[in-house]
Protein chains: 2
Amino acid sequence: MNPLFTARTSVEQVESGFLLAPKFDTNGLIPVVTTDVNTGEVLMHAYMNEEALVKTIETGEAHYYSRSRQQLWHKGQSSGLVQKLQQLAIDDDQDCLWMQVKVAGSGASCHVGYRSCFYRRIATGKSATDSQQPIQLVFTEEEKTFDPKTVYSDALNPTQL
Amino acid sequence: MNPLFTARTSVEQVESGFLLAPKFDTNGLIPVVTTDVNTGEVLMHAYMNEEALVKTIETGEAHYYSRSRQQLWHKGQSSGLVQKLQQLAIDDDQDCLWMQVKVAGSGASCHVGYRSCFYRRIATGKSATDSQQPIQLVFTEEEKTFDPKTVYSDALNPTQL
């Protein structure tokens, strides 16, 4: 095990301890929620492997593990939209991270061009479900902040069906 | 497929469409980030299956799938700390949800007794990694908002090693 992490020996130690004992899943990944430190907006949900977590802690810039490219991903390397780490937290059972960041440049974090990846809300309530028809999405961001074709040219789109 | 969802047929449709086409993983689950609508604080990170997502949309109260109990989980059923849905959003590739809620009662969402599950921050920077010793955690919530022993009595602790 990486000497920066400690072994998980008891529920008490994991929930109430003072040492980092992260749980990576069977693929070696831990989910991370990234929010804008100023607005509280959730920008993205992604994954880190051990290397990405250590790089993030060490450099103060968000690193993830790209599942589509299967490699370490220094966010902003292609787009310039680097995420500067402001605070990193871990949850009770240490199987999820919360990263608060400031984003460089236009402030966008989504490969589609929006500020947040969560640019659509879901219609809710009984009126949304009673008809038994597909539920509607409503765009909450009106405009893209950049043109992904210009920024990423022909890079692989990470969305998978 | 549930008639409330639509099939995933193209990247364009998933990223830019107006219909809900969620991607559940091989275990039938989709991750969900839950934040407090007033403070923007991330309260928890959990999972929904199809049933939990439909129940949440229909009732306006957060339902999850409990991986430890392997069953539908109406949050607050034991503790009274129900999460009232304010807004539900989905991300670009529709494989993650963001739920903004108001929490009933004391406002807590964490089974350990804290308001947020993310009650510890991780020490960061080169000073945290240079020693090659286990990285420290620092508590950011000073007090528990309730006593989990009183609220949950002998219910199963969801934390797994």
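Residues numbered from 1 in each chain as written. Chains lettered and ligands numbered in written order. Predicted model: local features only at pLDDT ≥ 70, side-chain atom pairs only at ≥ 80, totals over all residues. Heavy atoms only, no water.

Visitor: How do you make sense of the sheet that holds strand β1 (residues 30–36) of chain B when you look at a structure like this?
Guide: Strand pairing within a sheet occurs via backbone hydrogen bonds; the two strands may be parallel or antiparallel. The strand order across the open sheet formed by 6 strands is β8(A)-β7(A)-β5(B)-β6(B)-β1(B)-β2(B), and the pairing between neighbours is mixed. The strands lining the two open edges of the sheet, one partner per strand, are β8 (137–139) of chain A together with β2 (42–48) of chain B. The average angle at which neighbouring strand axes cross in this sheet is 30°, direction not considered. Here β1 of chain B pairs with strand β6 (residues 97–103) of chain B via 5 bridges, running parallel. Bridge assignment links T35 of chain B to a residue of β6 of chain B, and that residue is Q100 of chain B. Seen against the sheet, helix α2 (residues 50–59) of chain B touches β7 (120–122) of chain A together with β2, β5 (83–90) and β6 of chain B and runs at an angle of roughly 125° to β2 of chain B. (Pairing = 2+ DSSP bridges. Helix = DSSP H or I, 4+ residues; strand = E, 2+ residues; numbered from the N terminus. Axes fitted to C-alpha atoms, helices over the stretch in contact; angles between N-to-C directions. Contact = heavy atoms within 4.5 Å.)

Visitor: Help me out: how do you make sense of the packing of aromatic side chains in this one?
Guide: For any two aromatic rings, the description comes down to two numbers: the centre-to-centre distance and the angle of the planes. Overall, the coordinates contain 14 aromatic pairs over all chains when judged by the stated rule. Members of the aromatic cluster, connected to one another through ring pairs, are F18 of chain A together with Y114, Y119 and F139 of chain B. (Phe/Tyr/Trp six-rings, centres within 6.5 Å; stacked < 30°, edge-to-face > 60°.)

Visitor: What's the story with the confidence of the model for chain A in this structure? I'm lost.
Guide: Low-pLDDT portions of the prediction should not be read for the details of their coordinates. A residue-level look at chain A finds 99% of positions with pLDDT of 70 or above and a mean pLDDT of 94. For this predicted complex, the interface confidence comes out at an ipTM of 0.94, alongside a pTM of 0.94. (pLDDT = per-residue confidence, 0-100.)

Visitor: I'm lost on the pattern of salt bridges in this one. Help?
Guide: Pairs can form between side chains of opposite charge once their charged atoms are near each other. A complete count under the given rule lists 9 salt bridges over all chains for this structure. For the salt bridge of D130 of chain A with K126 of chain A, the shortest nitrogen-to-oxygen distance reads 3.8 Å. With relative accessibility at 52%, the residue D130 of chain A sits in the exposed group. Overlapping salt bridges bring together E41, R115 and E141 of chain B as one network. (Salt bridge = Lys/Arg side-chain N within 4 Å of Asp/Glu carboxyl O. Buried < 20%, exposed > 50% of the residue type's maximum accessible area, 1.4 Å probe, protein only.)

Visitor: Any chance you could explain the pairing of strand β4 (residues 71–74) of chain B here in plain terms?
Guide: Working note: regular strand, side chains alternate between the two faces of the sheet. Residues and elements named next belong to chain B. Pairing of strand β3 (residues 63–66) with β4 involves 4 bridges; the strand directions are antiparallel. The partner of Y65 across the bridge, within β4, is L72. As consecutive antiparallel partners, β3 and β4 are separated by 4 residues, and within that stretch Q70 has a phi angle of approximately 55°, a positive value.

Visitor: Sorry, what's going on with the interface of chain A and chain B here?
Guide: It is common to give the size of an interface as the accessible area lost on bringing the parts into contact. Listed by partner, the interface residues are 68 residues for chain A and 68 residues for chain B. Between chain A and chain B we count 2 salt bridges in total. A salt bridge links R67 of chain B to D95 of chain A; the shortest N-O distance between them is 3.4 Å. Linking chain A with chain B are 43 residue pairs in polar contact (both at pLDDT 80 or more), by the criterion used here. Counted by class, the side of chain A that touches chain B contains 33 nonpolar, 22 polar and 13 charged residues. With 2 bridges connecting them, β7 of chain A and β5 of chain B associate as antiparallel partners. When the bridges of β5 of chain B are listed, R121 of chain A appears paired with A89 of chain B. (Polar contact = N/O pair within 3.5 Å; in protein donor to acceptor, adjacent residues only side chain to side chain. Nonpolar A, V, L, I, M, F, W, Y, C, P; charged D, E, K, R; others polar.)

Visitor: Looking at this structure, I do not really get unusual backbone geometry. What am I missing?
Guide: Look at Q70 of chain A: it is not a glycine, yet its phi comes out positive at around 55°. Mapped onto the secondary structure, Q70 of chain A falls in the loop between β3 (63–66) and β4 (71–74).

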